[in-house]
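In case you want the letters, here they are:
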Amino acid sequence: MASRVIPVDPFDLVVFGGTGDLARRKLYPALLRRDLDGQLVEPTRIFAVGRKPMADDAFRALLRDALATHAGADAADEAAVGRLLERARYVAGDPTHEGGLDRLAAALDGGTALRAFYLATAPDLFGPTATALKARGLLDARSRIVVEKPIGRDGASAAAINDALGAAFAEDRIFRIDHYLGKETVQNLMALRFANALFEPIWNSAHVDNVQITVAETIGVGSRGGYYDGAGALRDMAQNHLLQLLCLVAMEPPASLAADSVRDEKLKVLKSLAPIGAANAAQLTVRGQYRAGTAEGAPTPSYAEEIGKEASDTETFLALKVGVANWRWAGVPFYLRSGKRLARHVSEIAIGFRRVPHALFSAGAEGPPANRLVIRLQPDEGIKLWLMIKEPGPGGMRLQHVPLDMSFAQAFGARRIDAYERLLMDAIRGDATLFMRRDEVEAAWRFIDPIEAAWREMGEPPKPYAPGSWGPAAATSLIERDGRTWDGDIE
Ligand code: BG6
């Protein structure tokens, strides 16, 4: 089926941090691809803002290089690359200085298109930038701001950032990105749940035994040590991506797909999370940090070596056992884990159903394995439903556990669009369904802050784990204590 691409009205996109890593790796390739699909209309303009002066030609060379490195085969389309270079220019600007946005004001002058300000910067610049944009008179009622996670490093700093954003922009003009929400399969989770009659009746504690959410990476922290060492896996991955995925699995059906309907339901889940704090963190959480070793045949440094420190207490792995204390999910554990330098690059949600109540077929004391629905976010997006079937042929009733396996690449062929392509266009169009609302971000911190505080109080260093493993042995014990194992599809 041909995809439906609806062009968006011309806009001015202003990217703060416009020569930075995120802009180069994600935003410019996303814009190129949206242009290739015919979604960008004249006279859409792109302004990259950075602190240092840079000639337009030097910026265009940087942009061309970013596309060549990060846009794959799409960068071979010279005409499209040329169009993007034409649209883009560099403006030196510093929102933290008096008069620091004068050049930007002059560059934008005369444009009447909708203005979107994308803050691909550190979160401590979010507030000052919003304030400076307003003070310099660069905003009108349609202007919008897009900010990246993490929003702050705890509930208090997030509230301060949100206050500053809210003083310059109405809440429905603030687009807080969690790029996991823009992933194709995450959207499919909603389709799976709410466009099929099959699953919703059994999507509850009467039929679901446990839920597992894994976001595993094989890479280390690389050059992001400066940011990462002050954050750690709990703030970097759990506060946002893991909890957002949990919300989409656990939320009630929203009244509609309108942004606030969906976000109201996610918020209820966040408010229902059973608190983890000093009293239970030792039983319900595991922290790890990768040590030196070999991964994929090559030697790899320890985390501390990689970030150039002698030692660090920052976790690069975490596992949590989370409860959702509401009518639907009471008693169903949600096991979450995420880490760097793990055995495989894979992100999955696995819904483990209960076993059949009565073992009709001989399959050992435990009876046949339970059904499992696995939603694979990456790398090869798809959905697998594990069922018991009879092994074909004579010789009695032998059963097998086999998957109904749908790979999206095989089923649909077409290139899956990157999360940033979708989210950028949604922000321009003003559709906030896939963005986090202020109260969601703050509710997520209310769950995370006590875990962080408990870890500090416990004062235990993260447990070392070998690169290429599945994290510290304690993560295995966390789930095995409950008589369960991590999803066998992955390990
Ligand atoms: C980011 C984190 O939000 O997500 C990174 O800051 C992480 O540490 C990344 O590597 C993972 O995203 P993806 O889309 O590659 O799974």
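First things first, this report covers the structure right here in the doc. Just so it is clear, the model here is predicted, and its values are computed rather than measured.

## Comments concerning the pattern of salt bridges
One pass over the full model with this rule turns up 42 salt bridges. For Glu171, the salt bridge is made with Arg176, and the minimal N-O distance between the two is 2.7 Å. Taking relative accessible area as the criterion, Arg176 reaches 0% and is therefore assigned buried. Residue Arg372 is joined to Asp487 by a salt bridge in which the shortest nitrogen-to-oxygen separation is 2.9 Å. Remark: Asp487 occurs in the segment after helix H16 (473-480) and Arg372 occurs in strand S14 (residues 372-378); sequence separation between them is 115 residues. Of the two residues examined, Arg372 and Asp487, each falls in the buried class. Put simply, Asp260, Arg263, Asp264, Arg437 and Asp439 are held in one network by salt bridges that share partners.

## Some words on helix H15 (residues 438-458)
With 21 residues, H15 should cover 30 Å at 1.5 Å per step; its first-to-last C-alpha distance of 30 Å lies within 8% of that length. Along its length, H15 reaches its greatest deviation from straightness, about 25 degrees, at Phe447, and the proline Pro450 lies no more than four positions downstream. Where H15 terminates, the next one or two residues include Gly459, which has phi positive at roughly 65 degrees.

## So, the side chain of Asn240
One can find Asn240 in helix H9 (residues 232-250). Of the residues examined, Asn240 reaches a relative accessible area of 0% and is grouped as buried. Side-chain polar atoms of Asn240 contact the side chain of Gln239, separated by 3.2 Å. Each residue touching Asn240, except ones within four places of it in the same chain, is listed here: Lys149, Asp178 and Arg235.

## Describing a nonpolar patch on the surface
A contiguous nonpolar surface patch, about 310 Å² in accessible area, is contributed by Leu360, Phe361 and Met397. Take Met397: it is sitting in the loop between strand S15 (382-390) and strand S16 (399-407).

## Here we look at the site of the ligand
Close contacts around the ligand come from Lys149, His179, Tyr180, Lys183, Glu217, Arg224, Asp236, Met237, His241, Lys340 and Gln378, and that covers them all. Within the contact set of the ligand, an oxygen atom lies 2.7 Å away from a side-chain nitrogen or oxygen of Lys149. Within the side chain of Lys183, one N or O atom sits 2.6 Å away from an oxygen atom of the ligand. Protein contacts shield 80% of the accessible area of the ligand, which totals 400 Å² for the unbound molecule.

## A few points about the sheet that holds strand S1 (residues 11-16)
What the six strands build is an open sheet, ordered S3-S2-S1-S4-S5-S6; its pairing is parallel. Of all the strands in the sheet, the pair left with one neighbour each is strand S3 (88-92) and strand S6 (174-177). Direction aside, neighbouring strands of the sheet carry axes that sit 20 degrees apart on average.

## Focus on the packing of helix H5 (residues 126-135) against helix H6 (residues 155-168)
Look at H5 against H6: their axes get within 8 Å of each other, and the N-to-C directions meet at 15 degrees. The angle between H5 and H6 falls in the class roughly parallel. Between H5 and H6 lies a crossing whose hand is left-handed. Between H5 and H6, the residues in contact are Phe126, Gly127, Ala130, Thr131 and Lys134 and Ile161, Ala164, Leu165, Ala167 and Ala168, respectively. For the contact of H5 with H6, the class distribution of residues is seven nonpolar, two polar and one charged.

## Remarks on the environment of Leu22
Looking at where Leu22 falls in the secondary structure, it is placed in helix H1 (residues 21-36). Once the C-alpha coordinates of Leu22 and Ala475 are considered, the two residues, 453 residues apart in sequence, prove to be 31 Å apart. Beyond its immediate sequence surroundings of up to four residues, Leu22 is in contact with Leu27, Tyr118, Ala120, Glu148 and Tyr420.

## Considering the side chain of Asp487
Here Asp487 falls in the buried class, since its relative accessible area comes to 3%. At a separation of 2.9 Å, a polar atom in the side chain of Asp487 contacts the side chain of Arg372. Residue contacts for Asp487: discarding those within four places in its chain leaves Gln212, Glu348, Ala350, Arg372 and Val374.

Quick notes on the rules
Residues numbered from 1 in each chain as written. Predicted model: local features only at pLDDT ≥ 70, side-chain atom pairs only at ≥ 80, totals over all residues. Heavy atoms only, no water. Salt bridge = Lys/Arg side-chain N within 4 Å of Asp/Glu carboxyl O. Buried < 20%, exposed > 50% of the residue type's maximum accessible area, 1.4 Å probe, protein only. Helix = DSSP H or I, 4+ residues; strand = E, 2+ residues; numbered from the N terminus. Expected span 1.5 Å × (residues − 1). Bend = angle between axes of the 7 residues up to and from the residue. Polar contact = N/O pair within 3.5 Å; in protein donor to acceptor, adjacent residues only side chain to side chain. Contact = heavy atoms within 4.5 Å. Patch = residues over 30% accessible without salt bridge, like charges linked within 9 Å, V, L, I, M, F, W, Y side chains within 5 Å. Areas by Shrake-Rupley, 256 points an atom, 1.4 Å probe, with all protein chains shown as cover. Near = heavy atom within 4 Å. Pairing = 2+ DSSP bridges. Axes fitted to C-alpha atoms, helices over the stretch in contact; angles between N-to-C directions. Parallel < 35°, antiparallel > 145°, perpendicular 65-115°, else oblique. Left-handed = near helix turned anticlockwise from the far one by under 90°. Nonpolar A, V, L, I, M, F, W, Y, C, P; charged D, E, K, R; others polar.

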